[in-house]
Number of protein chains: 2
Amino acid sequence: MTRLKPPVDGLLTSEPDAATTSAPAKGDALQRLASLLAVDLAATNAAIIARMASEVELIPQLAAHLIAAGGKRLRPLLTLASARLCGYRGERHVRLAACVEFIHTATLLHDDVVDESDLRRGLASANAVFGNKASVLVGDFLFARAFELMVADGSLEVLRILCNASATIAEGEVLQLSTQNDLGTDIPRYFKVIEGKTAALFAAACEVGAVVAQRDAATCAALSAYGSALGMAFQLVDDALDYAADQDELGKTVGDDFREGKLTYPVLIAYADGDAQERRFWQRTIEAGEQTEVDLKTAFDLIARHDAIGRTIARAHSFALEAKAALAPLPDDPVRGLMMEAADYAVSRRR
Amino acid sequence: MTRLKPPVDGLLTSEPDAATTSAPAKGDALQRLASLLAVDLAATNAAIIARMASEVELIPQLAAHLIAAGGKRLRPLLTLASARLCGYRGERHVRLAACVEFIHTATLLHDDVVDESDLRRGLASANAVFGNKASVLVGDFLFARAFELMVADGSLEVLRILCNASATIAEGEVLQLSTQNDLGTDIPRYFKVIEGKTAALFAAACEVGAVVAQRDAATCAALSAYGSALGMAFQLVDDALDYAADQDELGKTVGDDFREGKLTYPVLIAYADGDAQERRFWQRTIEAGEQTEVDLKTAFDLIARHDAIGRTIARAHSFALEAKAALAPLPDDPVRGLMMEAADYAVSRRR
């Protein structure tokens, strides 16, 4: 945990501090980016609410549960920022940012679906209010709605990028399911999972901003590469925070990944470097899913023993460098500066 | 059950009988349509198998479970038939027919997802092998793959039609979920459910065939109307067969809808016309989901007492007439003849 920076103020919840734009280490780059793009972001929120409407009441009800409650809007923010960085001056990026958020929300809803085995283990968490079936169907509605919006926008290139990302997300999620609880999963395979489930939509969200601004292939590819590396960094830090952060600072409960038997980067490291007894611990708790109350404490200890948090953060850091390098060829600009800082923030954040 | 025609030969399983093309009452119109379009249908099957591929093994594995096992291919057949009827001579309809089947299969997979309450009632049927989560994620993959195929095809009009159908399907399914076990559901609301969950994709499948052939708006609308009415007829007869058919003739087990507490047209009729005691029976078995072994027999008796099967079939019959009327303005053609016969077959079939 030594590499983690001190806690920072709430993300997008407190007032942005315009005076601190030159202080990347403070970690509020996303907040300042949201502030810089506040008009676009407000228009995106309005588009999201408007297009969630359906005469079938359960749909806006459940969708609002996730969307209107106000998430970080990280992915749509990337679309807005990329479009702005590429000099776009129209309105299409707002609608496409809404599409990106719909796709993200749909995947969250589908991720909420649990199996009987999860229920037995007491994990009927997120979809407890509405149930599996509602999560699936409302997610489907949001997916379809996202594609309707894209069709209305009329760019086959945008459609291609976001369809492709959707297929990649699904493949990543299926791969995660196939490797779940399997400590034999290697790092490349794990990276393939998070490339799918996280990085693909980050990459697409950024690329769409360049496409809408009609920039050349190299610029589109640069923004896609930035988004992909940023997504990898975010996911790795998410993995780390689940074993590292103080519970009251985190949106999610610390230890969730452990309790769900999720294979994440810190666990793969601790398992790979663990002795026979340690491996038996992970086999019992993660593979077999047999956990008692003291196991979380042991897991934290083993993670610390192998510096698995520090090593996870270090890996995230190198992705952040990749992300920044991808933006280097683009012209210097306040948006580019904040996007680069966002990559640092992805690593330094405590929540 | 008096309105049901005698049993017919297996659908798409035995050899087509070319000599009987003028005998609509025999009910093998779909088989003959498949035979007439055998080359296109084989190409569609090949496209389906090819595009199901993924290096994530669980995907083709689970998809094959539903697709390659060889369903009726009813919806893609409608796309192929409509395109042919509209004089289309290219290859695009094959790929779009595969898209239609992918969307259908994705909805089937998502329909397999069960809630904890279903599990308690012992209904973990179709997804028992792979689980909820796999059904959701592989369904998502197929949806995304379908849209990728459409993007590759390049018609925004086709994309608009199938995105819109997908949103309508999801809305219909959510509405069904909202009205599940609710005997207060009225007929218009029930029709809205089946328009969404069944008729929308039938309509879109047909309309896409006309669009690909670049026919005028009136022709596209006529084929959409045909598909929609045909879908309504099919769904109503499905509802009827669940209470009417002999078990060994049916793909699905008779009484499934009853055991799952599904509100279908025959039940709504029997409930609306039932006396106080009968209503209490439906309230207990359908609304409260409390069933004993003798209840299915009682349900059959009550359905018969109110001629609910006959009245369901009669309603399906009027949709079949609508379907045929929609095709009337189109030029006479063997394909049009078989599509009209298919509407009759939708009503007369026993499985």
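Our subject is the structure listed above.
This one's a predicted model, so the numbers in the text were calculated from it and none came from an experiment. (Residues numbered from 1 in each chain as written. Chains lettered and ligands numbered in written order. Predicted model: local features only at pLDDT ≥ 70, side-chain atom pairs only at ≥ 80, totals over all residues. Heavy atoms only, no water.)

(A) Main features of the overall build of chain A. What chain A contains, in helices and strands, is 16 helices and zero strands. Counting every position in chain A, which comprises 351 residues, the buried fraction comes to 59%. Of the accessible surface of chain A, which amounts to about 13600 Å², a share of 50% is contributed by carbon and sulfur atoms. (Helix = DSSP H or I, 4+ residues; strand = E, 2+ residues; numbered from the N terminus. Buried < 20%, exposed > 50% of the residue type's maximum accessible area, 1.4 Å probe, protein only. Areas by Shrake-Rupley, 256 points an atom, 1.4 Å probe, with all protein chains shown as cover.)

(B) Representation of the packing of aromatic side chains within the structure. Residues and elements named next belong to chain A. All told, the structure shown has 19 aromatic pairs over all chains when counted by the stated rule. Seen from their ring centres, F191 and Y265 are 5.6 Å apart, and the 5 degrees between their planes marks the pair as stacked. Residue F191 is found in helix α9 (residues 187–212), and its partner Y265 is found in helix α12 (residues 265–272); the two are separated by 74 residues along the sequence. Per residue, the accessibility class of F191 equals that of Y265, and both read buried. A cation sits over an aromatic face here: R279 above Y271, 4.5 Å from the ring centre. (Phe/Tyr/Trp six-rings, centres within 6.5 Å; stacked < 30°, edge-to-face > 60°. Lys NZ or Arg CZ within 6 Å of the ring centre and 35° of its normal.)

(C) Expanded view of the interface of chain B and chain A. Each side of the interface is counted separately: chain B has 43 residues, and chain A has 43 residues. When chain B packs against chain A, close to 3800 Å² is buried across both sides, 72% of that on carbon and sulfur atoms. At the junction of chain B and chain A, the tally comes to four salt bridges. At the surface where chain B touches chain A, the tally comes to twelve residue pairs in polar contact (both at pLDDT 80 or more). Listed by contribution, the elements that provide at least two residues to the side of chain B that touches chain A are α3 (58–66), α5 (92–111), α6 (116–120), α7 (132–153) and α8 (156–179) of chain B. Looking at the side of chain B that touches chain A, the element that brings in the most residues is α8 of chain B, giving 14 residues. (Contact = heavy atoms within 4.5 Å. Buried area = accessible area lost by both parts, 1.4 Å probe. Salt bridge = Lys/Arg side-chain N within 4 Å of Asp/Glu carboxyl O. Polar contact = N/O pair within 3.5 Å; in protein donor to acceptor, adjacent residues only side chain to side chain.)

(D) Geometry of the relation of the copies chain B and chain A. Expressed as a screw transformation, the operator carrying chain B onto chain A has a rotation angle of 180 degrees and an axial translation of 0.0 Å, and the superposed copies differ by an RMSD of 0.0 Å. Both copies of the chain, as the preceding transformation shows, are related through a two-fold rotation axis. Most of the interface of chain B is mirrored in chain A: 100% of its interface residues are interface residues there too. (Least-squares fit on C-alpha atoms with pLDDT ≥ 70 in both.)

(E) Region of interest: the nonpolar core. Among the nonpolar cores identified, the biggest contains 249 residues, and M150, Y226 and W282 of chain A together with M150, Y226 and W282 of chain B are the most heavily contacted of them. The residues touching W282 of chain A, leaving out its near neighbours within four places in the chain, are L183, F258, V267, A270, Y271, E287, A299, L302 and I303 of chain A. (Core = buried A, V, L, I, M, F, W, Y, C linked by side-chain atoms within 4.5 Å.)

(F) Structural detail: α9 of chain A. Residue and element names in this part refer to chain A. For α9, which comprises 26 residues, the first-to-last C-alpha distance of 35 Å matches the rise-based estimate of 38 Å (1.5 Å per residue) to within 8%. Taken as a whole, α9 carries its principal kink of about 50 degrees at A199. A large share of α9 lies buried, amounting to 20 of its 26 residues. Among the residues of α9, the N-terminal cap falls to D186, whose side-chain oxygen and the backbone nitrogen of R189 are separated by 3.0 Å. Among the residues trailing α9, Q214 stands out with phi positive, at a value near 55 degrees. (Expected span 1.5 Å × (residues − 1). Bend = angle between axes of the 7 residues up to and from the residue.)

(G) Seen up close, the environment of Y243 of chain B. Residue and element names in this part refer to chain B. Counting through the fold element by element, Y243 comes out in helix α10 (residues 217–244). The buried category is assigned to Y243, whose relative accessible area is 2%. For the pair Y243 and V254, spaced eleven residues apart in sequence, the C-alpha to C-alpha distance is 6.2 Å. What Y243 contacts, discounting residues up to four positions off in sequence, is D257, F258, T264, P266, V267, A299, F300, I303 and I309.

(H) Main features of unusual backbone geometry. Unusually for a residue other than glycine, Q214 of chain A sits at a positive phi of about 55 degrees. As for its placement among the helices and strands, Q214 of chain A is situated in the loop between α9 and α10 (217–244).

(I) Examining the packing of helix α7 (residues 132–153) of chain A against α7 of chain B more closely. At a minimum axis distance of 12 Å, the contact between α7 of chain A and α7 of chain B shows a crossing angle of 10 degrees. As judged from the angle between their axes, α7 of chain A and α7 of chain B are roughly parallel. Here the hand of the crossing between α7 of chain A and α7 of chain B comes out right-handed. Where α7 of chain A approaches α7 of chain B, its residues N132, V136, D140, F143 and F147 of chain A are matched on the opposing element by N132, V136, D140, F143 and F147 of chain B. When grouped by side-chain class, the residues that make up the contact of α7 of chain A with α7 of chain B number six nonpolar, two polar and two charged. (Axes fitted to C-alpha atoms, helices over the stretch in contact; angles between N-to-C directions. Parallel < 35°, antiparallel > 145°, perpendicular 65-115°, else oblique. Left-handed = near helix turned anticlockwise from the far one by under 90°. Nonpolar A, V, L, I, M, F, W, Y, C, P; charged D, E, K, R; others polar.)

(J) Geometry of the side chain of D40 of chain B. Residue and element names in this part refer to chain B. Structurally, the position occupied by D40 is in helix α2 (residues 38–51). A residue is classified by how much of its surface remains accessible, and D40, at 14% relative accessible area, is buried. Polar contacts involving the side chain of D40 include one to the side chain of H93, which spans 2.9 Å. Setting aside its immediate chain neighbours within four residues, D40 contacts L80, R84, H93 and V94.

(K) Region of the structure containing helix α1 (residues 29–36) of chain B. Residues and elements named next belong to chain B. Of all the eight residues making up α1, six are buried; the element is thus mostly covered by neighbouring parts of the structure. Every buried residue belonging to α1 is among A29, L30, Q31, R32, L33 and A34, and all of these are buried. In this structure, the buried side of α1 is in contact with α2, α4 (74–85), α10 and α16 (334–348).

(L) Fine view of the environment of I48 of chain A. Residues and elements named next belong to chain A. Among the structural elements, I48 can be located in helix α2 (residues 38–51). Residue class for I48 comes out buried when judged on its relative accessible area of 0%. Sequence-wise, I48 and A98 are 50 residues apart; in three dimensions their C-alpha atoms are separated by 5.4 Å.

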